[in-house]
Amino acid sequence: MEILDGKKISNQIKEEIAVEVAQMKERGEKVPHLAAVLVGNDGASLTYVGSKVRSCKKIGFESTLIHLPEETTEEELLQHVAELNANSDIDGYIVQLPLPKHIDEEKVLMAVDPDKDVDGFHPTNFGKMALEMESFISATPFGIMELLRRYNVETEGKHTVVIGRSHIVGRPISILMSQKGKAANSTVTLTHSRTKDIAALTRQADIVVSALGVPNFLKADMVKDGVVIIDVGITRVPDESRERGYYITGDVDFENVSKKASYITPVPGGVGPMTIAMLLKNTLLARERHKEKRA
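Residues numbered from 1 in each chain as written. Predicted model: local features only at pLDDT ≥ 70, side-chain atom pairs only at ≥ 80, totals over all residues. Heavy atoms only, no water.

Our focus in this paragraph is the overall build of the chain. Each helix and strand in the chain was counted, giving 10 helices and 11 strands. By the compact-globule yardstick of 19 Å for 295 residues, the chain fits well, its C-alpha radius of gyration being 19 Å. Dimensions of the chain, computed from the C-alpha atoms along their principal axes, are close to 55 × 40 × 35 Å. Within the chain, the proportion of its 295 residues that are buried is 49%. For the chain, the share of sequence-separated contacts (at least 6 apart) that also reach a separation of at least 24 residues comes to 70%. Just so you have it, the chain exposes about 14,200 Å², and 50% of that area is on carbon and sulfur atoms. Taking the average place of the 37 positive charges on the side chains of the chain and the average place of its 42 negative ones, the gap between the two points comes to 3 Å. (Helix = DSSP H or I, 4+ residues; strand = E, 2+ residues; numbered from the N terminus. Rg over C-alpha atoms; globule rule 2.2 N^0.38 Å. Buried < 20%, exposed > 50% of the residue type's maximum accessible area, 1.4 Å probe, protein only. Contact = heavy atoms within 4.5 Å. Areas by Shrake-Rupley, 256 points an atom, 1.4 Å probe, with all protein chains shown as cover. Lys, Arg positive; Asp, Glu negative; His and termini not counted. Charge placed at Lys NZ, Arg CZ, Asp CG, Glu CD.)

In structure tokens, the structure reads:
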């Protein structure tokens, strides 16, 4: 069994990007600029955005954090989005989800300029991704694909079972893994909450991607020997015996499933770090594309 070490690979990617940014500076070029919009004080969102800002600084990107109060109106947020769209200094930006309940997330995401949508959530980017056209791929699926590529995990002709059909992870990864190319060319079954007897499908799978958000859902008796496991789930489970008052776990019963797996991602330290690395990669791609358009 080999650990698919997302932390190690994400650090490699950041180092590669840092080299490119240093070369940009030497040539006197503008370096990539990533902005993040955060509404409210959700703990997980604050941690995630903070990690993005630190990563930008580490690799030489410029970064801007627009932190708005919880009571920000939808109209006010849309005004900030319009300003980011018009600001030529900003190469890419994200609107951190979830948004407060009084704001229509779909309306806000639709307002984002697809050319600056480094989260890859806009329908234009999703559609282009599905058609294998140049686009921004949602950072988590992008990170999964890169992890499989860098570990040379054999996917061609394999049966991949995806658990979860979200627009952010499940659906895009099911499309990507069925396309042509490295870390792809597999036969994909997409399962969800209405799928009957998921275990019957996962036992057939050569690769399982679980993005369900249910702690320890995937048990050892649900997979076959030699399976490749990609655990996207990340859940805080209350535990008063721990200093933080909780522990973090994934969708997979790691202790037991890892005994049968050929490759497996840990939680934390697997898919999570890759998500941030690929967001930075998308921002670098955005900078390069904007440069080409101006040339």
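A separate point is the layout of surface pockets. Roughly 300 Å³ of internal volume is contained in the second largest pocket. Lining the second largest pocket are 18 residues, and of these I137, F142, R149, L176 and Q179 sit closest to its centre. Of the residues contributing to the lining of the second largest pocket, the split by class is 8 nonpolar, 4 polar and 6 charged. (1 Å grid on protein atoms, 1.4 Å probe; cavity = no way out; pocket = protein on both sides within 12 Å on 5 of 7 lines; lining within 4 Å. Points joined across faces, edges and corners; volume = space filled by probe spheres on them. Nonpolar A, V, L, I, M, F, W, Y, C, P; charged D, E, K, R; others polar.)

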